[in-house]
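Residue-level structure breakdown
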Amino acid sequence: MIKRIKNLLCVVVVAMFALGTTAQAVEISVGGAAGFAVPFFRGKDAKEFVSALETMSGTDKPFMSIAIPTRLDLMVEILPFLAIETGIGYDNVGMIYTSTFGILGKSTFVINKSQIYIPVMLRGQYEYEMGLTYASVGVKLGIPLGDEYLGGFEGILASTGDSYSIKTSDFSMDVSFAIGQEFRLGKANYLGIRVAYDLNVIQNFDTDQFKKSGWEHESHFIDDVEFLLTYRYAFGSKWKK
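1. What about the overall build of the protein?
- Per the secondary structure count, the protein includes 3 helices and 10 strands.
- Helices and strands appear in the protein in the N-to-C order α-β-α-β-β-β-β-β-β-β-β-α-β.
- Each of the 241 residues in the protein was classed as buried or not, and the buried ones make up 45%.
- Restricting to contacts in the protein with at least 6 residues of sequence separation, those with at least 24 account for 75%.

Right under this line is the structure:
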């Protein structure tokens, strides 16, 4: 896992250096974003997979559903109306299905979609004196974190009941769409809001193990809608000139 993270960081550094030295770059910005997201299942088997989790856990909804996205951003404006977004991010999505939360719970199932990822997105934007409005589209290339995508047990105690475990994959990918509004503070600082939809196209779990494990609902994905606060600082801002 450490080796994979180091390799991912190397790719980020190389990408940032390559973009940062783009001869035609009009403006280079660094910044970050943080917020919350609403995750949900999608796909041919999504409804059946959720029904199975609800039936086996003895509940009609998740006890907990958490999604916390954060990222460090690099933006390279290659034309006045066009920019490239990249950087490194962290998504933490967790869902818990349990009828009685705790060690004596009848049944408990935990879904984990945590990952470190690199966004590679094309951004169309329109800037004016007050700020900037934009829309972005691209991909998020991720390395899932943790050992299990699905972990749980069915029975009074994990040691006496049936246990379930599905491993995470080595690679995942989302297609991401975003719209945002930034407000300029001074000449080079931008504070904004961003709404994004992440369409999961390569799952975070090991599909081969899922098929061999006895589960019959491998054709499902976890999408999410993100709501983020953003900040960036523009080096060589056109408003300084």
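Still more to cover.
2. Notes on the packing of aromatic side chains
- A complete count under the given rule lists 7 aromatic pairs for this structure.
- For the ring pair Tyr149 and Phe205, a centre distance of 4.7 Å and an interplane angle of 40° mean the geometry is tilted. Of this pair, Tyr149 sits in strand β6 (residues 148-154) while Phe205 sits in the loop between β9 (189-202) and α3 (207-212), and the two are 56 residues apart along the sequence.
- Relative accessible area serves as the criterion here: at 2%, Phe205 is assigned to the buried category.
- An aromatic cluster is built from Phe81, Tyr126 and Tyr128, whose rings are joined through pairwise contacts.
- Residue placement shows Arg123 over the ring face of Tyr134; its charged tip is 3.7 Å from the ring centre.
- Positioned above the aromatic ring of Tyr117 is the side chain of Lys140, whose terminal nitrogen or guanidinium carbon lies 4.2 Å from the ring centre.

3. Some details on the pairing of strand β1 (residues 27-42)
- Note: β1 against strand β2 (residues 64-79), 8 bridges, orientation antiparallel. Following the sheet pairing, Gly31 is matched in β2 by Asp73.
- Two strands pair when backbone bridges link them, and β1 and strand β10 (residues 221-235) are joined in this way by 15 bridges, in the antiparallel orientation. Across the sheet, Val38 pairs through a bridge with Val225, a residue of β10.

4. Points about a nonpolar patch on the surface
- Residues Phe36, Val38, Phe40, Ile179, Val195 and Phe227 make up a contiguous nonpolar surface patch of about 520 Å² in total accessible area.
- On the secondary structure map, Ile179 appears in strand β8 (residues 172-185).

Conventions and cut-offs
Residues numbered from 1 in each chain as written. Predicted model: local features only at pLDDT ≥ 70, side-chain atom pairs only at ≥ 80, totals over all residues. Heavy atoms only, no water. Helix = DSSP H or I, 4+ residues; strand = E, 2+ residues; numbered from the N terminus. Buried < 20%, exposed > 50% of the residue type's maximum accessible area, 1.4 Å probe, protein only. Contact = heavy atoms within 4.5 Å. Phe/Tyr/Trp six-rings, centres within 6.5 Å; stacked < 30°, edge-to-face > 60°. Lys NZ or Arg CZ within 6 Å of the ring centre and 35° of its normal. Pairing = 2+ DSSP bridges. Patch = residues over 30% accessible without salt bridge, like charges linked within 9 Å, V, L, I, M, F, W, Y side chains within 5 Å. Areas by Shrake-Rupley, 256 points an atom, 1.4 Å probe, with all protein chains shown as cover. Salt bridge = Lys/Arg side-chain N within 4 Å of Asp/Glu carboxyl O.

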